[in-house]
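# Observations on chain architecture
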Amino acid sequence: MRFVLRILKALALLLVLVVIAAAGWLFIRPPELLRVGDGYAAKIVCSNVFIAGRAAEDVLHDDVQAPGNPLLRLVRVSVDRDNDRVTARFMGLFAPSYALYRGAFGCTSVPDGNFEAAANAAPFDPPAKMQANDGLWPEGEGIDNPADGKIAALLADAGVAGPAMRAIVVVRNGRIVAEAYGPGFSAKTPLIGWSMTKTVNAAVLGRLMLGGKISFDDDNLLAQWKNDTRARIKVSDLLGMESGLAFNEDYGDVADVTRMLYLDPDMVSLPANAPMEAAPGQRFRYSSGTAVLLSRIWMDRVGNAQAAFSYPHDALFSPLGMTSAVFELDARGTFAGSSYLYATAHDWARFGQFLLQDGVWNGQRLLPEGFVGAMRTPTAASNGRYTQGQAWLAPGGSSAAFGLPEDTFWLTGHDGQSMAIVPSANLIVVRLGLTPRRLDYQPQVLLKAILAALPQPRGPQQQAGSQRQTQPQP
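Residues numbered from 1 in each chain as written. Predicted model: local features only at pLDDT ≥ 70, side-chain atom pairs only at ≥ 80, totals over all residues. Heavy atoms only, no water.

### A short note on the state of the cysteines
- In the structure shown here, the tally under the stated rule is 1 disulfide.
- Note that Cys-46 is cross-linked by a disulfide to Cys-107, the S-S spacing being 2.1 Å. Here the S-S torsion is close to -75°, and the disulfide linking Cys-46 with Cys-107 is therefore left-handed. Of this pair, Cys-46 sits in helix 2 (residues 32-50) while Cys-107 sits in strand 4 (residues 107-109), placing them 61 residues apart in sequence. (Disulfide = S-S within 2.5 Å. Helix = DSSP H or I, 4+ residues; strand = E, 2+ residues; numbered from the N terminus.)

### Topic: the sheet that holds strand 5 (residues 165-172)
- Across the sheet, which stays open at both edges, the 5 strands sit in the order 6-5-14-13-12 with antiparallel pairing between neighbours. Two strands lie at the open edges of the sheet, namely strand 6 (175-181) and strand 12 (409-413), each paired on one side alone. Recorded for the sheet is a direction-independent mean angle of 5° between the axes of neighbouring strands.
- Sheet topology note: the strand 13 (residues 417-422)/strand 14 (residues 427-433) ladder contains 5 bridges and is antiparallel. Looking across to strand 14, one finds that Ile-421 is bridged to Ile-428.
- Where helix 7 (residues 196-210) meets the sheet, its contacts fall on strand 12, strand 13 and strand 14, and the angle it forms with strand 12 comes to roughly 120°.
- Sheet strands in contact with helix 13 (residues 345-356) are strand 5, strand 6, strand 12, strand 13 and strand 14, and its direction is about 145° off that of strand 14. (Pairing = 2+ DSSP bridges. Axes fitted to C-alpha atoms, helices over the stretch in contact; angles between N-to-C directions. Contact = heavy atoms within 4.5 Å.)

### Describing the packing of aromatic side chains
- Taken as a whole and assessed by the stated rule, the structure comprises 17 aromatic pairs.
- Measuring from centroid to centroid gives 5.5 Å for Tyr-286 and Trp-392, while their planes differ by 35°, and the two rings are tilted. Placement of the pair is Tyr-286 in the loop between helix 10 (269-272) and helix 11 (288-302) and Trp-392 in the loop between helix 14 (371-375) and strand 12, with a sequence separation of 106 residues.
- Here the aromatic rings of Trp-298 and Phe-335 are separated by 5.6 Å at their centres, their planes lie at 20°, and the arrangement is stacked. Placement of the pair is Trp-298 in helix 11 and Phe-335 in the loop between strand 8 (326-327) and strand 9 (341-343), with a sequence separation of 37 residues.
- A network of ring pairs unites the aromatic residues Phe-105, Trp-298, Phe-309, Tyr-311, Phe-327 and Phe-335 as a single cluster.
- When the ring centre of Tyr-340 is taken as reference, the NZ or CZ atom of Lys-43 above it lies at 3.8 Å. (Phe/Tyr/Trp six-rings, centres within 6.5 Å; stacked < 30°, edge-to-face > 60°. Lys NZ or Arg CZ within 6 Å of the ring centre and 35° of its normal.)

### Side note on helix 3 (residues 56-65)
- Buried within helix 3 we find Ala-56, Val-59, Leu-60, Asp-63, Val-64 and Gln-65. The arc that holds the buried residues of helix 3, viewed along the axis, is 150°, so those residues lie on one side.
- Looking at the buried positions of helix 3, the neighbouring elements they touch are helix 2, strand 1 (75-80) and strand 5. (Buried < 20%, exposed > 50% of the residue type's maximum accessible area, 1.4 Å probe, protein only. Arc of directions from axis to C-beta.)

### Re the packing of helix 2 against helix 3
- At a minimum axis separation of 9 Å, helix 2 and helix 3 run at an interaxial angle of 125°. In terms of orientation, helix 2 and helix 3 fall into the oblique class. Every pair of crossing elements has a handedness; the one defined by helix 2 and helix 3 is right-handed. Together, Tyr-40, Ala-41, Ile-44, Val-45, Asn-48 and Val-49 of helix 2 and Ala-56, Val-59, Leu-60, Asp-63 and Val-64 of helix 3 make up the contact between the two elements.
- Taken together, the residues of the contact of helix 2 with helix 3 break down into 9 nonpolar, 1 polar and 1 charged. (Parallel < 35°, antiparallel > 145°, perpendicular 65-115°, else oblique. Left-handed = near helix turned anticlockwise from the far one by under 90°. Nonpolar A, V, L, I, M, F, W, Y, C, P; charged D, E, K, R; others polar.)

### Overview of helix 7
- For helix 7, built from 15 residues, the straight-helix expectation of 21 Å at 1.5 Å per residue is met to within 8% by its first-to-last C-alpha distance of 22 Å.
- Counting buried positions along helix 7 yields 14 of 15 residues, so the element is predominantly enclosed.
- Of the residues trailing helix 7, Gly-212 is marked for its positive phi of about 80°. (Expected span 1.5 Å × (residues − 1).)

### Quick notes on the nonpolar core
- The biggest cluster of nonpolar side chains holds 108 residues, and the ones touching the most others in it are Trp-298, Leu-316, Phe-317, Trp-348, Phe-351, Phe-354 and Leu-355.
- Looking at which element gives the most residues to this core, the answer is helix 2, with 9 residues.
- The contacts of Trp-298, once residues within four sequence positions are left out, are Asn-201, Val-204, Leu-205, Leu-208, Ala-308, Tyr-311, Pro-312 and Phe-335.
- The next biggest cluster of nonpolar side chains, apart from the first, holds 32 residues, and it includes Phe-284, Tyr-286, Trp-410 and Leu-446. (Core = buried A, V, L, I, M, F, W, Y, C linked by side-chain atoms within 4.5 Å.)

### Description of the confidence of the model for the protein chain
- For the protein chain, the average pLDDT comes to 91, and 90% of its residues sit at 70 or higher.
- Long-range and interchain partners of residues 459-474, a stretch whose pLDDT sits below 50, account for 32 contacts in this model, where long-range means more than four residues apart. (pLDDT = per-residue confidence, 0-100.)

### Let's talk about the pairing of strand 5
- By the criterion of burial, strand 5 is predominantly enclosed, with 8 of the 8 residues buried.
- Pairing of strand 5 with strand 14, which is carried by 7 bridges, proceeds in the antiparallel orientation. Across the sheet, residue Ile-168 finds its bridge partner in strand 14, namely Arg-431.
- Bridge count between strand 5 and strand 6: 6 bridges; the pairing is antiparallel. Note on strand 6: the bridge partner recorded for Ala-167 is Tyr-181.
- Connecting the antiparallel pair strand 5 and strand 6 is a turn made up of 2 residues, with Asn-173 showing a positive phi of about 55°.

### Focus: unusual backbone geometry
- Of note, the bond from Trp-137 into Pro-138 is cis; its omega dihedral lies within 30 degrees of zero at 10°.
- If you trace the backbone, Pro-138 turns up in the loop between helix 4 (115-121) and helix 5 (149-155).
- Not every positive phi belongs to a glycine, and Ala-95 is a case in point at roughly 50°.
- Assignment of secondary structure puts Ala-95 in strand 3 (residues 94-101).

Listed below in structure tokens is the structure:
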């Protein structure tokens, strides 16, 4: 019996030592996977608390833990409102990661804990906050027409709207004809677009093209590429995701994309130093790093740091009346053009209307002729799935396979964000939510149902007319 007790005591001691060693290891050198998880939690909680005004515990549970890796359920967060910071720790103890709120520029991950550098990277003279007015959408926030009953009924159908829908806005002929919101969300809630941000970022670059400061054919884009084959990469290669740069976009593990977003305060560093795996224009590789490079390139072309920080607001958001838009920067001052734009569903729809109108707003051309056309033109290397302007033609399946109009093109983002633009129907459908890919929801189902509910054109003349550039109509 004594022998058995000795064995049990020895095993207990061994277990204690193992636990102490493991805790020491997690404290001193936590695995990158834990650091990524904590970085993700801190950033998402920060943006939703300070931009969207949501409760931190709701965001942690609903946005971070419920749809994510099971390890995220062990993450705990604390919000320091006095210093505008959020800290996330695994089990409340290990692998701390931080996010900092910087006013008009939203939140940024601060993986190195250098809050001073992160604070100094954002300008002290942010663009003035715009105020929404009571005019009719898209000029203001007013909706005067009663919702289309058939479409409203579709939006109320969970099978059509999809799991965890947070906002749907349907725009026809330049006016909102129906909208729906999930519990706890409204027309005033800024929501993340994830990779829909890429298309907005491309449009910001397009504004510079209109002024002649950059072109599709520009190469020698970064100084560090000057003496190697990367100097041959053109703006058009980056816009079409055909740069030839290696980049791992796998969100299921510690990959290039998660390193860039949550482990590196300078998001430009990783994609800018990526090796070439193919000649420019020869291989399609979806890459959030590509979008961040585009941000850095257009910011450099603006020519003045303060003007670059204000440029998305001055050149795009203000003219379109996107009063809620918050385009976030990384910790070293580059716009996170891959992922981090928050805006209300109404403002996301404004951007869609802008593209539907071929880059013209209130009679003024804001994008070069042909730029939106590039957003609708497939690239050969993507086998027709992706376009020349950071948009999709066939996310998860071709339009023809779903019986959709051939001119449909898409903005899509992580966890079920989507915007369908159908010029031939004068239609925009914005759908935002928290719908992980494993749920197998496809926004084409929603778009097809809405198209079927619309009044059908009376004849060829009306159908041809619907493809012309439209301005809002009552």
